Amino acid sequence: MVERRPALTVLTHLVLIIGVLIVAFPVYVTLVASTHTAQAIVQAPMPMIPGDQMLQNYAAVLVGSDAGAGSAAPVGRMMFVSLVSALTIALGKIAISLLSAFAIVYFRFPFRNFFFWAIFVTLMLPVEVRIGPTYEVVANLGMLNSYAGLTIPLIASATATFLFRQFFLTVPDELAEAARIDGAGPLRFFWDVLLPLSRTSIAALFVIQFIYGWNQYLWPLLVTTQEDMYPVVMGIKRMIAGGDAANDWNLIMATAILAMLPPAIVVLVMQRWFVKGLVETEK
Amino acid sequence: MEKRVRFRSTWLPWALLAPQLVIIGVFFFWPAAQALLQSVQIQDAFGATREFVGLENFRNLFADETYVGSFKTTAVFSILVAAFGISIALMLAVFADRVLRGATIYKTLLVWPYAVAPAVAGVLWLFMFAPSIGIIPYLLRSIGYEWNHLLNGDQAMGLIVMAAVWKQISYNFLFFLAGLQGIPKSLIEAAAIDGAGPWRRFWTIVFPLLSPVTFFLLVINIVYAFFETFAIIDASTQGGPGKDTAILVYKVYYDGFKGLDLGSSAAQSVVLMVIVIALTVVQFRYVEKKVQY
């Protein structure tokens, strides 16, 4: 701080506290709603203090319930599908990007630059601009309603490849030279030298890509038609069917809390890498 | 930049690249090429016959009032999202940068919405604003304002803008905070010695120095509003009432998967492709050179 201005300091904290409260308010409402009965919520105004139905509600959504107008598939299963998909997408992206970046940086071969640009150009082809034909491909390959269909088409990553390439270029040449003199082949060098050096970048990317994988919506909407393959982010939408009061909002809100929890935990626990990953992947 | 030391192998680099190349070939380039092809064809809904029609799909598209309307909706939506998202985040970042004690706590409490899925954000805001049971319409009614986004298109737009901004603030906030921390303190101190107050210092020193970050975020936020908010809209307003919140991406999905109009959907995909390419070029041409961390 440059100078002491008590009034400004008070204003600073005031603005930040108001900001934090506004940001947190929707989640507070959700949390409160998830602890009441459906009847209590549909009476306007809904209660603003947590109720006593928390255990019942969360237990009901995790195993599935028959009440309500929308889908009542067990959320426990959806969480599992989401977790498997998010982990496969995050780890898959990291793995294939590490390999491609290693090939592009440490080898000389025909069309090297062409391939690099081909990977780079995929940045300009998000799912949204090719949804119809991509769906057809996945359907023709028989990958609908499978983990392969949910994850493999999302595993290619221009940003991760770019990030690892940038990082490998900063690794001193002496390391590769030393490894070669010691008789280590390229794969040995990759495994024993490059991979340990890339730990921070990998952690940073993992946070970003796990959130990306967990939060997928449009793609699962296209490739899954069976309730037992719904990721939770998509399943929650299916629970909303009727008008305002016809839904079991307490259960929907409990599902929302469950759907938010894993990525929020990853962000909070790995905050340092998260910020690093966010800033670096966009560079 | 090139490496001086390389490994020699004729097959290994290909094997290393193979997984990535197979995926981008099968799931990116082939479908994109198909979209280009289908955009100049007319196909019946069962895929039995195809006929080359040139640019007719595009002509129909731009003659279609709902499509042109969707362009306007998208423009309004992305401008609102970018403007609110950037200015609110900038304000919070400037204040958070001033805080000496408790800065990390504020930061932690402001970054987590990044982790919330857009679809979940849509559901949360939908619930708060549900006309008959939501808490906010109840409060608004008590001050005499009737909220019903199921009937009022402007209110529906307001709802998705709020949900989209809420989710994006943490991202903008982190970038502004990083930008602010990169500004040399000596500049600010010099201005303070010369008698410039905080308000003046912000507009004459801090804001101009942040302009590369602001521009970068402007592009990113527009891309976000165009492409990543599909889930927010599908979970809250579903493009309604009428077509008042049907942005371009929503319309591609709707026409292709609900309306089964493949030619039109492919033509819309191609239009979107052009938009992404333009935005990416802008981002790399103007941002790469100027943004420094």
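Thresholds applied
- Residues numbered from 1 in each chain as written.
- Chains lettered and ligands numbered in written order.
- Predicted model: local features only at pLDDT ≥ 70, side-chain atom pairs only at ≥ 80, totals over all residues.
- Helix = DSSP H or I, 4+ residues; strand = E, 2+ residues; numbered from the N terminus.
- Rg over C-alpha atoms; globule rule 2.2 N^0.38 Å.
- Buried ≥ 20, exposed ≤ 12 C-beta atoms within 10 Å, placed from the backbone.
- Contact = placed C-beta atoms within 7 Å.
- Nonpolar A, V, L, I, M, F, W, Y, C, P; charged D, E, K, R; others polar.
- Domains from an automatic or database assignment.
- pLDDT = per-residue confidence, 0-100.
- Expected span 1.5 Å × (residues − 1).
- Core = buried A, V, L, I, M, F, W, Y, C linked by C-beta atoms within 7 Å.

Novice: Where do I start with the overall build of chain A in this structure?
Specialist: When you go through chain A residue by residue, the secondary structure sums to 15 helices and zero strands. For chain A, whose C-alpha radius of gyration is 24 Å, the value lies well above the compact-globule estimate of 19 Å for 283 residues. The dimensions of chain A, computed from C-alpha atoms along their principal axes, are 75 × 65 × 35 Å. For chain A, the residues scored as buried account for 47% of the 283 residues in total. By sequence separation, contacts in chain A at least 24 residues apart represent 73% of the contacts at least 6 residues apart.

Novice: Hey, could you run me through the environment of Ile-133 of chain B in this one?
Specialist: Summarising the element assignment, Ile-133 of chain B is placed in the loop between helix H5 (118–129) and helix H6 (135–142). For the pair Ile-133 of chain B and Ser-265 of chain B, spaced 132 residues apart in sequence, the C-alpha to C-alpha distance is 37 Å.

Novice: What's the story with the interface of chain A and chain B in this structure? I'm lost.
Specialist: A common way to report how large an interface is uses the accessible area buried once the components associate. On the side of chain B, 83 residues touch chain A, which itself brings 82 residues to the contact. In terms of residue class, the side of chain A that touches chain B is made up of 64 nonpolar, 10 polar and eight charged.

Novice: Before we go on, may I ask you to explain the domain arrangement of chain A in this structure?
Specialist: All names here are of chain A. What the domain assignment reports for chain A is domain 1 (6–75 + 234–262) and domain 2 (77–223). One C-alpha centre belongs to domain 1, the other to domain 2; they are set 35 Å apart. Contact with domain 1, which involves seven residues of that partner, is made by eight residues of domain 2. For the side of domain 1 that touches domain 2, the elements supplying multiple residues, two or more each, are helix H13 (232–238) and helix H14 (249–269).

Novice: For this particular structure, what's the right way to read the environment of Arg-112 of chain A?
Specialist: Residue and element names in this part refer to chain A. Mapped onto the elements, Arg-112 comes out in helix H5 (residues 112–121). Judged by the 15 C-beta atoms lying within 10 Å of it, Arg-112 is partly exposed. Remark: the alpha-carbon pair of Arg-112 and Asn-247, spanning 135 residues in sequence, is separated by 55 Å.

Novice: Help me understand unusual backbone geometry, please; the structure alone is not making it clear to me.
Specialist: The phi torsion of most residues other than glycine is negative, and most of the peptide bonds are trans. The backbone of Phe-111 of chain A sits at a positive phi, close to 65 degrees, despite the residue not being glycine. The topology assignment puts Phe-111 of chain A in the loop between helix H4 (75–106) and H5. In this model, Gln-238 of chain B sits at a positive phi of 50 degrees, which is unusual for a non-glycine residue. With respect to the helices and strands, the residue Gln-238 of chain B is situated in the loop between helix H10 (230–236) and helix H11 (248–258). By C-beta crowding, Gln-238 of chain B is classed as partly exposed, having 15 other C-beta atoms within 10 Å.

Novice: Mind showing me how you'd approach the confidence of the model for chain B here?
Specialist: Low pLDDT means the predicted coordinates in that region are not meant to be read closely. Averaged over all residues, the pLDDT of chain B equals 86, while 95% of them reach at least 70. The ipTM assigned to the predicted complex is 0.87, against a pTM of 0.89.

Novice: I'm lost on the environment of Leu-109 of chain B in this one. Help?
Specialist: Residues and elements named next belong to chain B. Secondary-structure assignment places Leu-109 in helix H4 (residues 103–111). When the 18 C-beta atoms within 10 Å are taken as the criterion, Leu-109 is described as partly exposed. A sequence separation of 153 residues divides Leu-109 from Leu-262, and the C-alpha atoms of the two residues are 45 Å apart.

Novice: I tried to follow helix H1 (residues 6–33) of chain A on my own but got confused; where do I start?
Specialist: Along an α-helix, residues three or four apart share an orientation, since each turn contains 3.6 residues. The first and last C-alpha atoms of H1 of chain A sit 39 Å apart over 28 residues, in line with the 40 Å expected at 1.5 Å per residue. Along H1 of chain A, the positions that sit buried rather than exposed are Thr-12, Leu-16, Gly-19, Val-23, Pro-26, Val-29, Thr-30 and Ala-33 of chain A.

Novice: It is not clear to me how the nonpolar core should be interpreted in this structure. Could you clarify?
Specialist: Most often, soluble globular proteins have nonpolar side chains that are buried together. By size, the foremost hydrophobic cluster in this structure holds 174 residues, and its most contacted members are Phe-102 of chain A together with Val-120 and Val-123 of chain B. Looking at this core, the element that brings in the most residues is H4 of chain A, giving 17 residues. Domain assignment of the residues forming this core places at least three in each of domain 1 (6–75 + 234–262) and domain 2 (77–223) of chain A.

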